[in-house]
Amino acid sequence: MQGEASGRGGPTAAIEARLLVIASPYYADVTQALREGVEAVAQAHGTSLEHVEVPGALEIPQALLSYAQAARFTSPTREPTPDTLDGVVVLGCVIRGETSHYDIVCNETNHFMMQTAMAHEIPLGNAVLTVDTHAQAMARAQGGAAGKGGDAARACLRLIEINRALQAEAKGRAAR
C-alpha cells in the first residue's frame, strides 16, 4: 500500500467517504465536544456525515447492528448507492459510579460494537470514553480535531483508506 498515515493515525490525504456517527448524548456536553472533533476532521478530509442518536452507550451496538443488517455499509460484494456508508464513528461516555454497572456497560458496549464491526467488515472509530470523572471525560473530549472525537474519525478514515487500497490491489491481481 502506498503512503504512511499522517500524524495520530489518520488518513494520508483527503478521502471521499460517508460516515455514520452514532452518538449517545447521556452526558450531552461530553458528546457535543466529541462530535465537534468528528466534524472538524470530516470537514478537513472532505468527508460527509450522517447522524443518529441513541439513549445510552449500551444502545450503540444495537444501532450499529441495525444499520449493518439494513446493508447500509459498503462491501466488496455490493455496489455503493447514494445512501451507502463507508464507516462508523461512535461517541459517548461512561463514568464510573459506585456499582459494577460501569464495568458491564463498558465491556458489553465495546465487545458488541467490535463484534458487529468485525462480522460486517465495518471500519469503526471508537470515542466512547470510559472514565472515572466528568472532568476526565471533558479533558479527553475537548480540543476539536485534537480531541478523542477527532482521533476516532481519523482512525475510521484510515481503516477505510486501508480497505480501499486492499480492494484495489485485489482487483489489480484479478485483472492480470
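Our subject in this report is the structure included herewith. Not measured: the values here are computed from a predicted model. Residue numbers here run from 1 along each chain, matching the order of that chain's written sequence. Only residues with pLDDT of at least 70 are given local features in this predicted model, and only at 80 or more are side-chain atom pairs given and counted; all residues enter the totals for whole chains, interfaces and linings. As a convention, hydrogens and water are excluded, and side-chain values are obtained from all of the structure's heavy atoms.

### Looking at the pattern of salt bridges
Then comes step 1: One side-chain nitrogen of Lys or Arg within 4 Å of one carboxyl oxygen of Asp or Glu is enough to make a salt bridge. As enumerated under the stated definition, the model contains ten salt bridges in all.
Then comes step 2: Here Arg-96 makes a salt bridge to Asp-103, at a shortest N to O gap of 3.8 Å.
Then comes step 3: Among the ionic contacts, a cluster of salt bridges with common partners joins Arg-18, Glu-50, Arg-72 and Asp-83.

### With respect to the environment of Gly-150
Then comes step 1: When you line up the elements, Gly-150 lands in helix 5 (residues 148-175).
Then comes step 2: Owing to a relative accessible area of 0%, Gly-150 belongs among the buried residues under this scheme.
Then comes step 3: Residues Gly-150 and Glu-39, 111 residues apart in the sequence, show an inter-C-alpha distance of 7.8 Å.
Then comes step 4: By the convention used here, residues are in contact when the closest approach between their heavy atoms is within 4.5 Å. Once residues within four sequence positions are removed from consideration, Gly-150 is found in contact with Gly-37, Val-38, Val-41, Gly-144 and Ala-145. Per the convention used, a helix needs a DSSP run of H or I reaching at least four residues, while a strand needs a run of E reaching at least two, with both numbered from the N terminus. Relative accessibility under 20% of the residue-type maximum defines a buried residue, over 50% an exposed one, and the middle range a partly exposed one, all with a 1.4 Å probe and only protein chains included.

### With respect to the environment of Leu-124
Then comes step 1: Within the secondary structure layout, Leu-124 lies in strand 4 (residues 124-131).
Then comes step 2: When neighbours within four sequence positions are excluded, Leu-124 is seen to be in contact with Leu-64, Val-88, Val-90, Met-113, Met-114, Ala-117, Cys-156 and Leu-159.

### Comments concerning the environment of Ala-127
Then comes step 1: As for its position among the elements, Ala-127 is in strand 4.
Then comes step 2: Spatially, the C-alpha atom of Ala-127 lies 41 Å from that of Arg-176, the residues being 49 residues apart in sequence.
Then comes step 3: When neighbours within four sequence positions are excluded, Ala-127 is seen to be in contact with Leu-34, Val-90, Leu-91, Gly-92, Lys-148, Gly-149 and Ala-152.

### What about unusual backbone geometry?
With glycine set apart, most residues show a phi of negative sign, and most peptide bonds adopt trans.
Then comes step 1: Unlike most non-glycine residues, Ala-71 shows phi in positive territory, near 55 degrees.
Then comes step 2: Residue position: Ala-71 is located in the loop between helix 2 (60-69) and strand 3 (87-95).
Then comes step 3: By relative accessible area, Ala-71 is classed as partly exposed at 34%.
Then comes step 4: With phi around 55 degrees, Glu-121 is a residue other than glycine that occupies positive phi space.
Then comes step 5: Along the chain, Glu-121 falls in the loop between helix 3 (101-119) and strand 4.

### A short note on the sheet that holds strand 1 (residues 18-23)
Across a sheet, paired strands are connected by hydrogen bonds in the backbone, their directions being either parallel or antiparallel.
Then comes step 1: Whether two strands pair depends on DSSP finding at least two bridges between them. Within the open sheet, the four strands sit side by side as 2-1-3-4. Their pairing is parallel. At either end of the open sheet lies a strand with only one pairing partner, and these are strand 2 (48-53) and strand 4. Between one strand axis and the next, the sheet turns through 15 degrees on average, direction left out of account.
Then comes step 2: Relative to strand 4, strand 3 runs parallel, the two being bridged by eight bridges. Residue pairing across strands places Val-88 opposite Leu-124, the latter belonging to strand 4.
Then comes step 3: Running at roughly 155 degrees to strand 3, helix 1 (residues 28-45) makes contact with strand 1, strand 2, strand 3 and strand 4 of the sheet.
Then comes step 4: For every element, the axis is a line fit to its C-alpha atoms; helices are fit only across the contacting stretch, and the angle between N-to-C directions ranges from 0 to 180 degrees. Along the sheet, helix 3 contacts strand 3 and strand 4; its crossing angle with strand 4, the most-contacted strand, is approximately 175 degrees.

### With respect to the pairing of strand 2
Then comes step 1: Of the pairings in the sheet, the one linking strand 1 to strand 2 comprises six bridges and is parallel in character. Within strand 2, the residue paired with Ile-22 across the bridge is Val-52.
Then comes step 2: Handedness of the crossover is the feature at issue here: the chain leaves strand 1, passes through helix 1, returns alongside strand 2, and the resulting connection is right-handed. For crossovers, right-handed means that the path from the first strand over the helix to the second runs clockwise, given strands pointing away from the viewer.

### Describing helix 5
Then comes step 1: What a helix is expected to span follows from its residue count: subtract one and scale by 1.5 Å. With 28 residues, helix 5 extends 41 Å from end C-alpha to end C-alpha; this agrees with the ideal 40 Å at 1.5 Å per step.
Then comes step 2: Listed as buried for helix 5 are Gly-149, Gly-150, Asp-151, Ala-152, Ala-153, Arg-154, Cys-156, Leu-157, Arg-158, Ile-160 and Glu-161.

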